[in-house]
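Notes for the structure review
Letter by letter, the chains look like this.
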Amino acid sequence: MSENRGLFTTDKAQPYLAFEPEMAVQQLSERLWTISDGTCRSIFIKGRDGVIAFDTFGTPGRARAYARAVNDTLPGREIGTVIYSHDHLDHAGFAADLAPGAAIIADEICAKVIKLRAAEGQLQPTRVLSGSEHRISVDGVDLALLNPGPTHGSGNLAAWFAEEKLLFSSDTILANARYGLLPDIHLANFVRFMRGFLDLDWDTFVPGRYDLTDRAGFSHGCDYIEAVQDACQQAFVEFVPIWAYEPMRGYLMNKLADRFGDLDGFAEHVGLTAIRVVHHYLMGGWSLEDTPEPGYLLADAVQL
Ligand SMILES: [Zn+2]
């Protein structure tokens, strides 16, 4: 047994890479489904001839379980198109195991990172989108793919379905506080860009992990990240040892429990989230993506 291994180097990872979880599939409209492996979440769409699948899930085994669940839902239809929501391996790392012959659509920045990363199993996009808003037709389905700027990961594409009044944006806002360390969330513009999605007409939000929510839940999620950012800045003023987990967890719990203690995972995750956020202010953010005009990222340095 030898699975595509992403960036793992040890053979000890093989059982992790091969594990095939139960997938939970939920129909959202006549043509649209959401699917979860218990943690991560994605969507897939019935096209005119085949299936358009967003992302791949995070291991070869999970990608195979995804393919099987799609086939159980829409028997006899091939996954003809995969759309990467962003570059991260836990969401988009294993198209080679999901649908090796599919066309793959991704944002330009996402494609450049994937090219340079060369992770085993993460296939290079075949169609690259540049810019902030794309109205494209794929397999008879009109799609609105949106990238307002760096939010999470590289080249994050959200999908807005006007007909369903539904927004899918992976690994950005959650309906809970299970954000962990917020790796690769670009805090300088994150909440501003995410709140911009509220200008669109939608009622249902599908996040890249955990449960669905509505506009109120999405707004509360934006408020939470903003409140963590605010409290973390106050922690500097009050000389909290911002590099240490326990003091930061205690400080944030004290400041935010009244407003956000109801969020699932708050007590377990707010300390870790705070450690990441203070380093944004301490160090200046995540390279070029956290500058006021983040459009320069990778610019023309990488040729696809
Ligand atoms: Zn991610």
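Above this text you will find the structure in question.
Residues numbered from 1 in each chain as written. Predicted model: local features only at pLDDT ≥ 70, side-chain atom pairs only at ≥ 80, totals over all residues. Heavy atoms only, no water.

Glancing now at the layout of surface pockets. To locate leftover empty space, one rolls a probe as large as a water molecule over the atoms. In this structure, the second largest pocket occupies an estimated 230 Å³ of space. In terms of lining, the second largest pocket is formed by His-88, Asp-90, His-152, Asp-171, Thr-172, Leu-174, Arg-178, Tyr-179, Leu-182, Pro-183, Ile-185 and Arg-209. Split into classes, the residues belonging to the lining of the second largest pocket amount to five nonpolar, three polar and four charged. (1 Å grid on protein atoms, 1.4 Å probe; cavity = no way out; pocket = protein on both sides within 12 Å on 5 of 7 lines; lining within 4 Å. Points joined across faces, edges and corners; volume = space filled by probe spheres on them. Nonpolar A, V, L, I, M, F, W, Y, C, P; charged D, E, K, R; others polar.)

Taken together, the side chains of Leu-181, Tyr-245 and Leu-272 define a hydrophobic patch exposed on the protein surface, amounting to about 230 Å² of accessible area. Following the sequence through the fold, Leu-272 ends up in helix H9 (residues 266-283). For Leu-272, a relative accessible area of 36% gives the class partly exposed. (Patch = residues over 30% accessible without salt bridge, like charges linked within 9 Å, V, L, I, M, F, W, Y side chains within 5 Å. Areas by Shrake-Rupley, 256 points an atom, 1.4 Å probe, with all protein chains shown as cover. Salt bridge = Lys/Arg side-chain N within 4 Å of Asp/Glu carboxyl O. Helix = DSSP H or I, 4+ residues; strand = E, 2+ residues; numbered from the N terminus. Buried < 20%, exposed > 50% of the residue type's maximum accessible area, 1.4 Å probe, protein only.)

With that settled, the discussion passes to the sheet that holds strand S12 (residues 204-207). Strand order in the open sheet formed by six strands is S8-S9-S10-S11-S12-S13, with mixed pairing between adjacent strands. The open sheet is flanked by strand S8 (133-138) and strand S13 (213-214), the only strands paired with a single partner. Of the strand pairs in this sheet, strand S10 (residues 158-161) and strand S11 (residues 166-169) are connected by three bridges, and their pairing is antiparallel. If you follow Ala-159 over to S11, its bridge partner there is Phe-168. (Pairing = 2+ DSSP bridges.)

Turning our attention to helix H8 (residues 245-260). With 16 residues, H8 should reach 22 Å at 1.5 Å per residue; the first-to-last C-alpha distance of 19 Å falls well below that figure. Remark: the principal bend of H8, roughly 40°, maps to Asn-254. Residues Met-248, Tyr-251, Leu-252, Leu-256 and Phe-260 constitute the buried set of H8. In this fold, the buried residues of H8 make contact with helix H7 (215-237) and H9. (Expected span 1.5 Å × (residues − 1). Bend = angle between axes of the 7 residues up to and from the residue. Contact = heavy atoms within 4.5 Å.)

This part covers the coordination of the zinc ion. For the zinc ion, the protein coordination sphere consists of His-86 (NE2), His-88 (ND1), His-152 (NE2) and Asp-171 (OD), at 2.1 to 2.2 Å. In this structure, the zinc ion is coordinated by four donor atoms arranged in irregular fashion, with angles at the metal of 91 to 156°. (Donors = N, O, S within 2.8 Å, 3.2 Å for Na, K, Ca; no water. Tetrahedral: all angles 85-135°; square planar, octahedral: opposite > 155°, others 65-115°.)

Turning next to the pairing of S11. Of the two faces of S11, the one holding Leu-166 and Phe-168 and the one holding Leu-167 and Ser-169 are both buried throughout. The antiparallel pairing of S10 with S11 creates a hairpin that spans four residues between the two strands, and Lys-165 there sits at a positive phi of about 50°. Inspection of the sheet shows S11 paired to S12 by four bridges, in the parallel sense. Bridge assignment links Ser-169 to a residue of S12, and that residue is Pro-207.

What follows concerns the sheet that holds strand S7 (residues 127-129). Spatial ordering of the open sheet is given by S1-S2-S3-S4-S5-S6-S7, a layout of seven strands whose pairing is mixed. In the strand order of this sheet, the two ends are held by strand S1 (24-27) and S7, each with one partner. Between one strand axis and the next, the sheet turns by 20° as a mean value, whatever way the strands run. As paired elements, strand S3 (residues 41-46) and strand S4 (residues 51-54) share three bridges and run antiparallel to each other. Bridge pairing links Phe-44 to Ala-53 in S4. (Axes fitted to C-alpha atoms, helices over the stretch in contact; angles between N-to-C directions.)

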